[in-house]
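Structural overview
Single-letter residue listing:
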Amino acid sequence: MRIMIVDDEKLARERLRELLNEIGGHTVIGEATNGHEAVERASELNPDVVLMDIRMPGMDGLEAAMHLMGMDEPPIVIFTTAYDQHALHAFEVNAVDYLLKPIRKDRLAAALDKAKKLTLEQLQDVNAAQESPQARTHISVHLRGNIRLVPVKDILYFMADSKYVTIRTPNEEHLIEDSLINLEKEFGEKMFLRIHRNALVATDYIKGIEKGPAGNWQVALKGSDKKLDVSRRHAAAVRRWARR
Amino acid sequence: MALDTNKITAWSGRLQERLRPAWRWLNDRLLPRAADAAARLPGLFAPAPVESGDEIHFLPNFCRGRAVFGIVLIAELLALVITLITRRISENLFQDLLLISLFVQWMALLSAAVLCAARRFLNTLPNHRALGFAYLLLLAIELATSELAVWVLWLSGGVGSPRPEWYAYFHIQNFTVAAILDALALRYFLARHQLRQRTLSEARARVEALRSRIRPHFLFNTMNIIASLIRSAPDKAEAAIEDMADLFRTMLGESENLVPVNNEIAIAKKYLDIEALRLDSRLRVDWDVGKFPRRAVMPVLTLQPLLENAIHHGIEPNPLGGAIQVRLWEDGETLHIAVTNPLPRSRSKSAATARGDRALDNLRLRLTSHYGAAADLKISEDRERFTATVSIPTRGGNP
């Protein structure tokens, strides 16, 4: 199988490489040192299996695996970890494959033999079981079969229409399949503010709140000339937020 | 009236210092032993089994045969004592003993039965309220039993009326004895319970302290790295194992000893060598060790937790890593140790501080137990950097 190794520790990656060599029958087609890099490289290289460390700087392994599930042909993900009590319990419950460090050759071989695909739901359940479920640091966007990661902190707003949600960053716009309700639940009030039934605005990018030509309230944004309407139902909450 | 508060503070400080060894001895030696002994006491008030997790109730489980047997035994002894005190030795003595035994056993078993039945309810109450409630219950049982005894005597023809002339005296006597004995028994149960609680929480605190010293994540990751090094660089693997052994020997050491500052620096460097294997070029450490007296000492493992905290919050979350600054300097009679780490730009603050505060809190507690108010652990933080500074007297304090 074509395998990608993801771990922030160089020696840990080397160990996996050597063990895979000894097991034989597999090729290591790439390495990555954090979750972000893993998603980008995986969407270039299309590995069959990703050996994924959980604790990594920047994007952790769990979030990276969730993004990978959005690929056209998602790879099999086998997690590796030194000690994550809560994650391990959640893995057991959701039948997710994992290997404990120090990694044993026979366990690795067995995991590769019986490797099976995960689903996004399994991973979301695992995430929800964590001590403090993490909000994603990135949103994955699909461009012709490839995955683009858009940092959540670059997003000005989410705008929903009938089926899709539009993500707006200072320079670009993407469509994702998700719902504002889910996004609002995940990122909470601290990062995004609901200003309309169909709009969730990043609080960091709100320049001000002003009266529009038709007498309704509008949100002015940093880094964009566009002004977003505040619905009557959300006006009170928005003004309460602005007064803080 | 002029109260010299300074004098009072100084005095109370001195008193605390005097008392501390005694207190330690009491805490470390006497109490656990006393608790052990109490736990081993056979028969009588067999320790209630730990039911589930934290739930320990101060009343023994009177539904169990062992406790009932204890009660029967105590009641019989009590009956014997009462008989010997109140009756002259004659051929009627045995008969009197039988009668008194019957009465006392009756009351004791009834009390046990009621406490057994009320157990579930009593256990839902806070201890002191449960105590009060149990006391009232026992007194009520005493009154009812005494009254019943009179009636039984009347019905069996022993006395002429349900209100014989000794009726009031009988009640007052029984009530007083019961009030005293019940109070003593309940007080004993509560004291025993508190002792057990304290022993338990001390044991937990010890485990917690040990766990916070050794981070499992660090341990297993390092083992993985060493497994890797054994193939590629056996000499490095050897050095890593030696460093680990020294570090763990220090961490597992039970005593909170004062060690020369240089020793502490050496163990901290071994720790950093191990972390450097994992973190590679991501970890950089700048040392700035000033001059301090040769005899300067500090509690073992003061510097290492500061470094561990800095790596955990400042280096590990950052893909590019960063530099930790370590400064040690002496200023008058005080030794300062400052460790500064960069803060990752995007960090979930709640998660970062929750973990870190515990490690630093632990260190703060240990410093206080060594030096009292003479030691200090300060934290300062701006957007980019986090600094923890420990200040301790160079002379040592109470080892």
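In what follows, the structure referred to is the one given above.
Here's what I pulled together on the structure shown here. (Residues numbered from 1 in each chain as written. Chains lettered and ligands numbered in written order. Predicted model: local features only at pLDDT ≥ 70, side-chain atom pairs only at ≥ 80, totals over all residues.)

We now examine the overall build of chain B. Helices and strands together make up the secondary structure of chain B, namely 10 helices and 7 strands. Restricting the contact set of chain B to residue pairs at least 6 apart, pairs at least 24 apart contribute 73%. (Helix = DSSP H or I, 4+ residues; strand = E, 2+ residues; numbered from the N terminus. Contact = placed C-beta atoms within 7 Å.)

Bringing helix 3 (residues 93-124) of chain B into the picture now. All names here are of chain B. For helix 3, spanning 32 residues, the distance from its first C-alpha to its last is 45 Å, which sits close to the expected 46 Å at 1.5 Å a residue. At Ala118, helix 3 is deflected by roughly 55 degrees, the largest bend along its length. When we look at burial in helix 3, the residues that qualify are Val104, Met107, Ala108, Ser111, Ala112 and Leu115. Summarising the contacts, the buried residues of helix 3 are in contact with helix 2 (65-86) and helix 4 (127-155). (Expected span 1.5 Å × (residues − 1). Bend = angle between axes of the 7 residues up to and from the residue. Buried ≥ 20, exposed ≤ 12 C-beta atoms within 10 Å, placed from the backbone.)

Further remarks concern the packing of helix 1 (residues 10-23) of chain A against helix 6 (residues 216-232) of chain B. Running from N to C, helix 1 of chain A and helix 6 of chain B point in directions that differ by 60 degrees, and their axes come no closer than 8 Å. Taken together, helix 1 of chain A and helix 6 of chain B sit at an angle that is classed as oblique. The crossing of helix 1 of chain A and helix 6 of chain B is left-handed. From helix 1 of chain A, Leu11, Ala12, Glu14, Arg15 and Glu18 of chain A reach across to helix 6 of chain B, where they touch Asn224, Ile225, Ala227, Ser228, Leu229, Arg231 and Ser232 of chain B. Tallied by class, the residues present in the contact of helix 1 of chain A with helix 6 of chain B amount to 5 nonpolar, 3 polar and 4 charged. (Axes fitted to C-alpha atoms, helices over the stretch in contact; angles between N-to-C directions. Parallel < 35°, antiparallel > 145°, perpendicular 65-115°, else oblique. Left-handed = near helix turned anticlockwise from the far one by under 90°. Nonpolar A, V, L, I, M, F, W, Y, C, P; charged D, E, K, R; others polar.)

Residues and elements named next belong to chain A. One open sheet holds the 5 strands; their spatial order is 2-1-3-4-5, and the pairing between them is parallel. The sheet is open, and its two borders are formed by strand 2 (27-32) and strand 5 (98-100), each paired with just one other strand. The average angle at which neighbouring strand axes cross in this sheet is 20 degrees, direction not considered. Here strand 1 (residues 2-6) pairs with strand 3 (residues 49-53) via 4 bridges, running parallel. Opposite Ile5, over in strand 3, you have Leu51 as the bridge partner. Running at roughly 145 degrees to strand 2, helix 2 (residues 35-45) makes contact with strand 1, strand 2 and strand 3 of the sheet. The strands touched by helix 3 (residues 61-68) are strand 1, strand 3 and strand 4 (76-81); relative to strand 3, the strand with the most contacts, the crossing angle is about 155 degrees. (Pairing = 2+ DSSP bridges.)

The next subject is the nonpolar core. With 73 residues, the main nonpolar core has Val50, Leu51 and Met52 of chain A together with Leu307 of chain B as its most contacted residues. Tallying contributions element by element places helix 8 (residues 261-279) of chain B first for this core, with 7 residues. Setting aside residues no more than four positions away along its own chain, Met52 of chain A makes contact with Val6, Ala38, Gly61, Ala64, Ala65, Val77, Ile78, Phe79 and Thr80 of chain A. Of all hydrophobic cores here, the second largest spans 23 residues; its members include Ile155, Ile195, Val219 and Val238 of chain A. (Core = buried A, V, L, I, M, F, W, Y, C linked by C-beta atoms within 7 Å.)

Turning next to the pairing of strand 12 (residues 199-202) of chain A. Residue and element names in this part refer to chain A. Along strand 12, one buried face is formed by Ala199 and Val201 and the opposite face, lined by Leu200 and Ala202, is buried too. In the sheet, strand 8 (residues 157-160) pairs with strand 12 via 3 bridges, with the strands oriented antiparallel. Its bridge partner being in strand 12, Met159 is matched across the sheet by Ala199. Counting the residues between successive antiparallel strands, the hairpin from strand 11 (residues 192-196) to strand 12 contains 2 residues.

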